[in-house]
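# A look at the structure
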Number of protein chains: 4
Amino acid sequence: MLNIGPYRFQSRLLLGTGKYPSLDIQSRAVQESGTEVLTFALQRLDLDQPTEESFLNRLDLKRYRLLPNTAGARSADEAVRLARLARASGLCDMVKVEVIGDEKRLLPDPIATLEATRRLVEEEFIVLPYTGDDPVLAQRLQEVGAHAIMPGASPIGSGQGIINSLYLSFIIQDASVPVIVDAGIGAPSDAALAMELGADGVLLNSAVAHAGDPVAMARGMRLAVEAGRLAHLAGRIAKKETAMASSPTEGFVNQ
Amino acid sequence: MLNIGPYRFQSRLLLGTGKYPSLDIQSRAVQESGTEVLTFALQRLDLDQPTEESFLNRLDLKRYRLLPNTAGARSADEAVRLARLARASGLCDMVKVEVIGDEKRLLPDPIATLEATRRLVEEEFIVLPYTGDDPVLAQRLQEVGAHAIMPGASPIGSGQGIINSLYLSFIIQDASVPVIVDAGIGAPSDAALAMELGADGVLLNSAVAHAGDPVAMARGMRLAVEAGRLAHLAGRIAKKETAMASSPTEGFVNQ
Amino acid sequence: MLNIGPYRFQSRLLLGTGKYPSLDIQSRAVQESGTEVLTFALQRLDLDQPTEESFLNRLDLKRYRLLPNTAGARSADEAVRLARLARASGLCDMVKVEVIGDEKRLLPDPIATLEATRRLVEEEFIVLPYTGDDPVLAQRLQEVGAHAIMPGASPIGSGQGIINSLYLSFIIQDASVPVIVDAGIGAPSDAALAMELGADGVLLNSAVAHAGDPVAMARGMRLAVEAGRLAHLAGRIAKKETAMASSPTEGFVNQ
Amino acid sequence: MLNIGPYRFQSRLLLGTGKYPSLDIQSRAVQESGTEVLTFALQRLDLDQPTEESFLNRLDLKRYRLLPNTAGARSADEAVRLARLARASGLCDMVKVEVIGDEKRLLPDPIATLEATRRLVEEEFIVLPYTGDDPVLAQRLQEVGAHAIMPGASPIGSGQGIINSLYLSFIIQDASVPVIVDAGIGAPSDAALAMELGADGVLLNSAVAHAGDPVAMARGMRLAVEAGRLAHLAGRIAKKETAMASSPTEGFVNQ
């Protein structure tokens, strides 16, 4: 079970809702993914006049919990304002804090992210900040009350996978709240690796939405997250330089 | 469907049978893996006096096809001799050619492997040579009639995963027979990556048998192979240096 | 020429002064390195009663510029206090801000580092903050007036080299002050790579001080920094997947 | 000193002569590189009617030893024929065996390379085979008398550097003749790494000839090879996950 604040999830795959080729493909991909948490940009919502054909209208909101994000915010103030709008709409009290400090690479601003997290926790949101892979910042975010930490594996939409698995491991080792690897996941192997390292979940969007076949990829990601989680719990073999015979000649079972 | 010679398999995960903590754990791991092909060292078999408590006696041989390997062979002659023994026993006509040229690291001997493959094909075996990641040798093995190519990801039992994904990709691009990545797989993420690169299957042993919980890891590997296969067919996103917003603010669907 | 604040250096290799087997080896290593900047921990200095046999007493201070660091500081306040002590001693007005936020891995605290940098710039120090590889934080450090940015390649003393060359490249692309790669350099190849990526300099300590032969390694590092700088200016070939004949048969010179 | 057969070299950088922008740039690059061994494709030579403006005519042949290669050969027979031509011309008795088995990626044919090496050793050439990174094949080449082993780091001209440093290390550990890393070197950091791993030399061509400024890059490569060699002899620090303070506060020298 993935526990974030008061919420409990069976699935450890969180899915974004942007950039699908069609609403139909999106719906089927969401279903195949097995996700229980859907994230979307608050800025995309016209909260007063929801688009008829939007995905929110088609969702069975009993099955999915919404995780609005503050994408588009360039300061703590903007992030806080967007989060309040989300709450006012009655959609949810979880918010993914996303304050971009590098427009070209969509990298998060560590200072503004920490500030927005602190303020939103004070306002009693369930706060999941999107951050880089800095282990110290991850600690600071927990100290101000973040309910989960969402370190990026590599730049958003880059599909580069986990660049710095060492620092990601440090974050996971130290964390007392769930760590959900966010941004940069490109393929199931990346998602599996995140889980093998001990992450509590994976959030992704482009890797599914922009895949040749988003529905099949959604299923692939679902299986990969489960595979990685199983491996983490099972305990993988150590890496070693020297080989070791797996087809021994002396006996069938290793006593 | 994975087609090797005349055989058809639903599962793309091939499993070794060595070094499990117990026969019971082995049985359950085999079952959870969903595998249809079990490999084992011919040298371990006392073909005249099979051990009472051996895994072969417990197997429902209608569900699994046996892939004996020539582990322990140090020359083409020895490999051929072992393969003939396997056939004489009536167990199977598939054989994994494994001729080690480096005892310390259990790396295959390219010359003897090619020679043994050529001779066993002439003797009408279904031949799956274990080889390194040399794309030219992989071509030569196909030219002498190998029914599948089994390149190693890294040394046997090392758990290092795929060291040279470039050369593995070359082998896959050129192959007209199945490519089954063998040796070195340590975790589900490695197995998924092999399949994402376009491999037709994965063979592993230590990663499951030596895992803390072999049964759970067997299931993890099964899911990872499926995940990687799905991703290969679906078409993953390209890796790019620059980021791309997955939470666009301008619209829900990417037109 | 490496320009930091008002200072000009021919050498792009900055050297730490800790942990050498002996003062004699240290002296010779410093000389072989060709460095013009020596860094040391202010906390090690008993500024009132300098040790007779300390390296400072043996240095020809006309040849080397001192770069005291605030190692040991756990807050912006402590870093500022240490920097003021350094200035009071008349040793130098450059300071490397080092505020550790993770004692186990010696990773810098992004928030306190930014705060200390801002205050020390206001007090008219020449400020070189040691930071992680977060491109946004690197921008923030420049905005408050840092005279150079010192991103870590990997944890201090780990010898792991450059883990995230992508983010290091981002920092270099954006920087309007020198970028000096600090921490984690283990071998000349790491130092060369840092320079090839476009870094303006490299700071290292353990890789030389703890090498089997620190004097030879110091020379190796000097050559590597020069090699990497030459390559950066010369323009390296692009990496490509497909091979290209370097021994063409059609002509000696590539028209 | 690098000893290959009866020859002794101070420089450990071997340079190819193909694809330079001009003969003048080539001459200056050769000079800056400090190389003592120049390799060139025998097929390029019209041995009866040497081109007036060829690099051979301009070389001071007392300063450089020529290492003709059999580039263009697709079989052992062709390689042997080319080598005999070289000897007949009186140019040299060293030959780099290069038999390509994959035209698209210029990867060596392991079987034909071994065969050509065996035959040329019998004909009393000094034989340096270009091979992949297969440790067992490297052993076989030594067993038939190769005077040096030239494993490729990655495909010729690809600039990808050393993909499989583990197998390269295995080759070096086992070798009783010099190991000269050949093919794929893209930058000084790659050359330094090869030497740090314990290689006896580096051969490269495109990385210099196709650099923006070949002359500066030649100097960079020279320094990098020296740097890597120094580091290998000096003994680099171990890589470790945990950090270690290089600016200790308890004392200046590590007792």
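Residues numbered from 1 in each chain as written. Chains lettered and ligands numbered in written order. Predicted model: local features only at pLDDT ≥ 70, side-chain atom pairs only at ≥ 80, totals over all residues. Heavy atoms only, no water.

Going by the annotation in an unreviewed UniProt entry, the name recorded for chain A is Thiazole synthase, with Marininema halotolerans given as the source organism. What the UniProt record of chain A gives under Pathway (unreviewed entry) is the line "Cofactor biosynthesis; thiamine diphosphate biosynthesis." Check the Catalytic activity (unreviewed entry) section of the UniProt entry for chain A; it says "[ThiS sulfur-carrier protein]-C-terminal-Gly-aminoethanethioate + 2-iminoacetate + 1-deoxy-D-xylulose 5-phosphate = [ThiS sulfur-carrier protein]-C-terminal Gly-Gly + 2-[(2R,5Z)-2-carboxy-4-methylthiazol-5(2H)-ylidene]ethyl phosphate + 2 H2O + H(+)". (UniProt positions renumbered as here; feature names shortened; annotations may be inferred.)

### Observations concerning the overall build of chain A
Summing up its helical and strand segments, chain A has 9 helices and 12 strands in all. Taking all 255 residues of chain A together, the buried fraction comes to 63%. Across chain A, every contact between residues at least 6 apart in sequence was considered, and the portion connecting residues at least 24 apart equals 67%. Carbon together with sulfur atoms contributes 46% to the accessible area of chain A, which is approximately 8,900 Å² in total. (Helix = DSSP H or I, 4+ residues; strand = E, 2+ residues; numbered from the N terminus. Buried < 20%, exposed > 50% of the residue type's maximum accessible area, 1.4 Å probe, protein only. Contact = heavy atoms within 4.5 Å. Areas by Shrake-Rupley, 256 points an atom, 1.4 Å probe, with all protein chains shown as cover.)

### Some details on the pattern of salt bridges
Tallied over the full model, the rule gives 56 salt bridges over all chains. The salt bridge partner of D109(A) is R140(C), with a shortest N-O separation of 2.6 Å. One end of the pair, D109(A), is in the loop between β8 (107–108) and α4 (110–122); the other, R140(C), is in helix α5 (residues 135–143), on a second chain. Residue D109(A) is classed as buried on the basis of its relative accessible area, which comes to 4%. (Salt bridge = Lys/Arg side-chain N within 4 Å of Asp/Glu carboxyl O.)

### Let's talk about unusual backbone geometry
Residue and element names in this part refer to chain A. Positive phi, normally seen in glycine, also occurs at L106, with a value near 55°. Relative to the helices and strands, L106 resides in the loop between β7 (100–102) and β8. According to the relative accessible area criterion, L106 is buried, its value standing at 13%.

### Here we look at the UniProt feature "binding site: 1-deoxy-D-xylulose 5-phosphate" (unreviewed entry) in chain A
All names here are of chain A. Feature annotation in UniProt assigns "binding site: 1-deoxy-D-xylulose 5-phosphate" (unreviewed entry) to the following positions: G157, A183, G184, N205 and S206. For the annotated residues, spread through 50 residues, the largest C-alpha to C-alpha distance comes to 9.2 Å, consistent with a single compact locus. We classify G184 as buried; its relative accessible area is 5%. In contact with G184, other than residues within four places in its own chain, are S154, P155, I156, G157, S158, G159, Q160 and G161. Within the fold, N205 resides in the loop between β12 (201–204) and α8 (206–209). When its relative accessible area of 5% is taken as the criterion, N205 is described as buried.

### Side note on the interface of chain D and chain B
Between chain D and chain B, the contact holds 26 residues from the first and 26 residues from the second. Summing both partners gives a buried area of about 2,200 Å² for chain D against chain B, and 60% of it is carried by carbon and sulfur. It is R105(D), I111(D) and V136(D) in chain D that bury the most area against chain B; as a group they hold 24% of the surface buried on that side. The interface formed by chain D and chain B contains 4 salt bridges. Ionic pairing is found between R105(D) and D174(B), a salt bridge with its closest N-O pair at 2.7 Å. Across the contact surface, chain D and chain B share 6 residue pairs in polar contact (both at pLDDT 80 or more). (Buried area = accessible area lost by both parts, 1.4 Å probe. Polar contact = N/O pair within 3.5 Å; in protein donor to acceptor, adjacent residues only side chain to side chain.)

### Structural notes on helix α6 (residues 165–174) of chain B
Among the 10 residues that make up α6(B), 7 are buried, leaving the element largely enclosed by the rest of the structure. Residues of α6(B) that are buried: L166(B), Y167(B), L168(B), S169(B), F170(B), I171(B) and I172(B). In this structure, the buried residues of α6(B) make contact with α5 (135–143), β10 (150–151) and β11 (180–182) of chain B together with β8 (107–108) of chain D.

### A look at the relation of the copies chain D and chain B
With an RMSD of 0.0 Å, chain D superimposes on chain B once it is rotated by 180° and translated 0.0 Å along the axis. Considering both components of the superposition, the chain copies are consistent with a two-fold axis. Minimal C-alpha separation from the rotation axis in chain D is found for N164(D), amounting to 3.1 Å. (Least-squares fit on C-alpha atoms with pLDDT ≥ 70 in both.)

### Considerations on the environment of L137(B)
Turning to its location among the elements, L137(B) is positioned in helix α5. Once the C-alpha coordinates of L137(B) and P110(B) are considered, the two residues, 27 residues apart in sequence, prove to be 7.2 Å apart. Residue contacts for L137(B): discarding those within four places in its chain leaves P110(B), T131(B), P110(D) and I111(D).

### Things to note about the pairing of strand β12 (residues 201–204) of chain D
Residues and elements named next belong to chain D. Burial along β12 is two-sided: the face carrying G201 and L203 and the face carrying V202 and L204 are both buried. Bridge analysis of strand β3 (residues 13–16) against β12 gives 3 bridges, and the strand direction is parallel. Counted as the bridge partner of L15 is L204 from β12. The parallel pair strand β11 (residues 180–182) and β12 is bridged by helix α7 (residues 188–196), and the resulting crossover is right-handed. (Pairing = 2+ DSSP bridges. Right-handed = clockwise from strand over helix to strand, strands pointing away.)

### Some remarks on the pairing of strand β5 (residues 65–69) of chain B
Residue and element names in this part refer to chain B. With 4 of its 5 residues buried, β5 lies for the most part within the structure. Of the strand pairs in this sheet, strand β4 (residues 37–41) and β5 are connected by 5 bridges, and their pairing is parallel. Paired with L38 across the bridge in β5 is L66.

### Some remarks on the packing of aromatic side chains
The full count for this structure, using the stated rule, is 8 aromatic pairs over all chains. A centroid spacing of 6.5 Å and a plane angle of 40° characterise the contact between Y7(A) and F9(A), whose relative ring orientation is tilted. Residue class for Y7(A) comes out buried when judged on its relative accessible area of 15%. A cation over a ring is seen here: R87(B) above F125(B), with NZ or CZ 3.8 Å from the ring centre. (Phe/Tyr/Trp six-rings, centres within 6.5 Å; stacked < 30°, edge-to-face > 60°. Lys NZ or Arg CZ within 6 Å of the ring centre and 35° of its normal.)

### Comments concerning empty space enclosed by the protein
Under the defined criterion, the tally for this structure stands at 5 cavities of 30 Å³ or more. Its volume calculated, the largest cavity comes out at about 260 Å³. Lining the largest cavity are 25 residues, and of these D133(B), D134(B), G132(D), D133(D) and D134(D) sit closest to its centre. Listing elements by their share of the lining of the largest cavity, those giving two or more residues are β8 (107–108), β9 (126–131) and α5 of chain B together with β8 and β9 (126–131) of chain D. In the lining of the largest cavity, the residues fall into 13 nonpolar, 8 polar and 4 charged. Put simply, the second largest cavity is a space of about 170 Å³. If you go around the second largest cavity, you meet 17 residues; those closest to its centre are G132(A), D133(A), D134(A), D133(C) and D134(C). Those elements that provide at least two residues to the lining of the second largest cavity are β8 and β9 (126–131) of chain A together with β8 (107–108) of chain C. When its residues are assigned to classes, the lining of the second largest cavity shows 9 nonpolar, 4 polar and 4 charged. (1 Å grid on protein atoms, 1.4 Å probe; cavity = no way out; pocket = protein on both sides within 12 Å on 5 of 7 lines; lining within 4 Å. Points joined across faces, edges and corners; volume = space filled by probe spheres on them. Nonpolar A, V, L, I, M, F, W, Y, C, P; charged D, E, K, R; others polar.)

### Examining the packing of helix α4 (residues 110–122) of chain C against α5(C)
Two measures define how a pair of helices packs: the angle their axes make with one another and the distance between the axes. Residue and element names in this part refer to chain C. Across the interface, α4 lies against α5 with an axial gap of 9 Å and an inter-helix angle of 15°. By the angle class used here, α4 and α5 are roughly parallel. In the crossing of α4 with α5, the sense of the turn from one axis to the other is right-handed. Side by side, α4 and α5 meet where P110, T113, L114 and T117 of the first sit next to L137, R140 and L141 of the second. (Axes fitted to C-alpha atoms, helices over the stretch in contact; angles between N-to-C directions. Parallel < 35°, antiparallel > 145°, perpendicular 65-115°, else oblique. Left-handed = near helix turned anticlockwise from the far one by under 90°.)

### Topic: the nonpolar core
With 130 residues, the main nonpolar core has V202(A), V208(A), M221(A), V202(B), V208(B) and M221(B) as its most contacted residues. The element contributing the most residues to this core is helix α9 (residues 214–234) of chain B, with 11 residues. Look past the residues within four positions of M221(A) in its chain and what remains in contact with it is L13(A), I185(A), G186(A), A187(A), P188(A), A191(A), L204(A), A207(A) and V208(A). Ranked by size, the runner-up nonpolar core spans 128 residues in total, among them A83(C), M195(C), L66(D) and V80(D). (Core = buried A, V, L, I, M, F, W, Y, C linked by side-chain atoms within 4.5 Å.)

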